[in-house]
Amino acid sequence: MNKPNIVIFGAGLIGQRHVEQAIAQAKLIAIVDPSDAARVLAEKHGVAYFADPEDCLASVTPDGVIVATPNHLHTEHALMCIARGIPVLIEKPIADTLENADLIASRAKAADVPVLVGHHRRHNPIVACAKAQIDSGALGDIVAVNGQFWLYKPDDYFQAAWRKGPGAGPAMINFIHDVDLLRYFCGNIADVQAMRSNIQRGQDVEDTAAIMLRFESGALGTFSMSDSIAAPWSWEMTSGENPIYPHRPGPCYTIGGTHASLSVPDLRLWAHDGPRSWWTDINATQLSVEHADSLVRQFAHFLAVINGTPPLVSAQEGRDSLAAVLDVLTAVLPGTKG
Ligand SMILES: NC(=O)c1ccc[n+]([C@@H]2O[C@H](COP(=O)([O-])OP(=O)(O)OC[C@H]3O[C@@H](n4cnc5c(N)ncnc54)[C@H](O)[C@@H]3O)[C@@H](O)[C@H]2O)c1
């Protein structure tokens with residue numbers, strides 16, 4: 001069977017990971033990015049180079065496109081693929097505004113073009129294992145979930161000016177991944193309330209937030225987030241998903257049910273040895289999974305989506321995760337206009 005022809009829009013930090021996968025798992029036919037570095041990359045791999053997505057789609061017909069351009073360009077780039085009937089993987093966040101996310105979702109639905117949103121963590125076998133436990137009823141009814149994103153971003157991370165501005169903080173960059181998983185585990189979110197702080201870094205963007213979630217099921221969630229705490233309790237460090245972060249196994253989410261509770265990503269399922277009671281001993285069963293690279297699995301899934309498999313993270317799902325983040329961003333930032 002012929003390998004699908006893939007085009008990558010945006011060959012920056014994450015786009016280069018997609019380039020690797022397109023070469024390994026499919027046929028990369030073009031890289032589209034106005035930067036000199038992207039032109040050099042295309043030459044290195046012997047594939048067509050375009051500075052502009054429209055010019056590219058006017059001359060080649062890919063089976064799938066990956067949009068890994070800056071957030072504000074996702075809508076324009078996704079819509080030009082959808083208009084041509086080309087399945088598209090859009091990096092997270094699906095769009096920069098809810099209106100644009102809705103536009104992508106509605107155009108994709110009307111044209112019957114599959115859209116996969118790049119919430120790659122969902123492709124991690126750890127996540128699949130946790131989801132299977134929850135769906136099996138092992139936890140009973142989910143009552144509450146607690147999550148943490150605590151780590152320290154070094155000062156040089158903020159040398160790029162855009163990282164100090166509105167929308168570039170841990171809510172949009174990091175929590176969007178966490179909330180996507182919490183939605184996957186606990187269902188759709190009905191209500192979000194948050195407090196934000198920029199007291200540590202004093203920038204025009206949050207460094208810390210306390211977030212409360214109400215799920216449609218009635219379950220409640222709490223999430224504590226900061227990029228200014230020297231600590232290991234984040235998905236980044238506890239999961240071992242990405243080797244650029246130190247791996248410190250432990251929990252970053254605890255999911256509480258009426259019959260058992262699960263910590264993730266360390267996958268310990270806690271249940272009483274006898275009747276459910278605070279006087280009865282409670283112990284953990286260690287669940288295990290075969291570890292695998294989420295980005296590799298996401299790409300393989302995209303190829304399946306091109307061939308008709310429903311996307312694991314649809315445009316609507318990407319839109320709903322974005323909506324939760326935008327709700328957090330409405331919380332007043334002390335010292336700025338909320
Ligand atoms: N899934 C993840 O974990 C993850 C990680 C990092 C970034 N992202 C997302 O991926 C996207 C890109 O982020 P990044 O960190 O790779 O950014 P980046 O700045 O490293 O790369 C973006 C690239 O897009 C190119 N570009 C700009 N305008 C373009 C245009 N009109 N057409 C084609 N290319 C254009 C830039 O030259 C640059 O090379 C963002 O939406 C980001 O949120 C996702």
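Residues numbered from 1 in each chain as written. Predicted model: local features only at pLDDT ≥ 70, side-chain atom pairs only at ≥ 80, totals over all residues. Heavy atoms only, no water.

1. Concerning the sheet that holds strand β2 (residues 27-32)
Short version of the rule: Two strands form a pair only when DSSP identifies at least two bridges running between them. Runs of E in the DSSP output that reach at least two residues are strands. Runs of H or I that reach at least four are helices, and both are numbered from the N terminus. Angles here are taken between N-to-C directions and fall from 0 to 180 degrees, while the axes themselves are lines fitted to C-alpha atoms, restricted in helices to the stretch in contact.
What the six strands build is an open sheet, ordered β3-β2-β1-β4-β5-β6; its pairing is parallel. Because the sheet does not close on itself, it has two edges, and the strands there are β3 (48-50) and β6 (115-117). Each neighbouring strand pair of the sheet contributes to a mean axis angle of 20°, computed without reference to strand direction. Bridge analysis of strand β4 (residues 64-67) against strand β5 (residues 88-90) gives three bridges, and the strand direction is parallel. Residue pairing for β5: Ile66 is matched across the bridge by Leu89.

2. Observations concerning the environment of Gly85
Residue position: Gly85 is located in the loop between α4 (74-83) and β5. Along the sequence, Gly85 and Ala111 sit 26 residues apart, while their C-alpha atoms lie 7.0 Å from each other.

3. Topic: the pattern of salt bridges
Which entries qualify depends on this criterion: Salt bridge, as used here: a side-chain nitrogen of Lys or Arg that lies within 4 Å of a carboxyl oxygen of Asp or Glu. Relative accessibility thresholds used throughout: buried, under 20% of the residue-type maximum; exposed, over 50%; partly exposed, between the two (1.4 Å probe, protein chains only).
If you walk through the whole model with that rule in mind, you get 16 salt bridges. Among the salt bridges present, the one from Asp180 reaches Arg122, with a minimum N-O distance of 2.8 Å. Here the residue Asp180 occupies a position in helix α7 (residues 170-186), and Arg122 occupies one in the loop between β6 and α6 (125-136), the gap between them amounting to 58 residues. Side by side, Asp180 and Arg122 carry an identical accessibility label, which is buried. The closest approach of N and O atoms between Asp155 and Arg201, which form a salt bridge, is 3.8 Å. Here the residue Asp155 occupies a position in the loop between β7 (142-150) and α7, and Arg201 occupies one in the loop between β8 (189-197) and β9 (208-215), the gap between them amounting to 46 residues.

4. Brief notes about the domain arrangement of the chain
To keep it simple, the criterion reads: Where each domain starts and ends follows an automatic or database-derived domain assignment. A contact between two residues is defined here by any heavy atoms of the two lying within 4.5 Å. Here the quantity called buried area is the total loss of accessible area, with a 1.4 Å probe, experienced by two parts when brought into contact, counted for both. Residues adjacent in sequence count toward polar contacts only when both atoms are side-chain atoms; beyond that, a polar contact is any pair of N or O atoms within 3.5 Å, and within protein one must be able to donate a hydrogen and the other to accept it. Note that Gly is not counted as nonpolar here; it falls among the polar residues with everything else outside the nonpolar set of Ala, Val, Leu, Ile, Met, Phe, Trp, Tyr, Cys and Pro and the charged set of Asp, Glu, Lys and Arg.
Looking at the assigned domains, one finds that the chain contains domain 1 (5-113) and domain 2 (122-292 + 324-329). Spacing between the C-alpha centres of domain 1 and domain 2 amounts to 29 Å. On the domain 2 side, the residues contacting the five residues of domain 1 number five residues. Of the roughly 420 Å² buried between domain 1 and domain 2, counting both surfaces, carbon and sulfur atoms make up 68%. Broken down residue by residue, the surface that domain 1 buries against domain 2 is led by Lys92, Pro93 and Leu98, which jointly contribute 71%. For the pair domain 1 and domain 2, the number of links is zero salt bridges. Counting across the domain 1 and domain 2 interface gives one residue pair in polar contact (both at pLDDT 80 or more). Looking at the side of domain 1 that touches domain 2 residue by residue, the classes come out as two nonpolar, two polar and one charged.

5. Some details on the side chain of Lys131
With respect to the helices, strands and loops of the structure, Lys131 is situated in helix α6. Setting aside residues up to four positions removed in sequence, Lys131 forms contacts with Tyr184 and Phe185.

6. Thoughts on helix α10 (residues 315-329)
An α-helical segment advances 3.6 residues per turn. Residues three or four places apart therefore align on the same side. Selection criterion: Expected helix span is computed as 1.5 Å times (number of residues minus one).
Helix length check: α10 (15 residues) gives 21 Å between terminal C-alpha atoms against 21 Å at 1.5 Å per residue, within 8%. Where burial is concerned, most of α10 is hidden: 11 out of the 15 residues are buried. By the burial criterion, the buried members of α10 are Ala315, Gly318, Arg319, Asp320, Ser321, Leu322, Ala323, Ala324, Val325, Val328 and Leu329. Of the surrounding elements, those touching the buried residues of α10 are α5 (98-111), β6, α7, β8 and β9.

7. Thoughts on the sheet that holds strand β12 (residues 261-264)
The eight strands are arranged β8-β9-β10-β7-β11-β12-β13-β14 in an open sheet whose pairing can be described as mixed. Each edge of the sheet is formed by a strand with only one pairing partner; in this case those strands are β8 and β14 (282-286). Neighbour-to-neighbour, the strand axes of this sheet turn through a mean angle of 15°, independent of strand direction. Across the sheet, α6 touches β7, β11 (253-257), β12 and β13 (268-272), and the angle it forms with β12 is around 170°.

8. With respect to the site of the ligand
How we decide: A cutoff of 4 Å decides nearness: a residue is near a molecule or strand if any of its heavy atoms lies inside that distance of it. Accessible surface is estimated by sampling points in the Shrake-Rupley manner with a 1.4 Å probe; for residues, cover comes only from the protein chains shown.
In the vicinity of the ligand there are 23 residues, among which Leu13, Asp33, Asn71, His74 and Lys92 approach most closely. One of the backbone nitrogen or oxygen atoms of Ile14 is found 3.0 Å away from an oxygen atom of the ligand. A distance of 3.3 Å is found between a nitrogen atom of the ligand and a side-chain nitrogen or oxygen belonging to His120. In the complex, 73% of the free accessible area of the ligand, which totals 850 Å², lies under the protein chains. When contributions to the shell around the ligand are tallied by element, the ones reaching two or more residues are α1 (13-25) and α4. Counted by class, the shell around the ligand contains 10 nonpolar, 10 polar and three charged residues.

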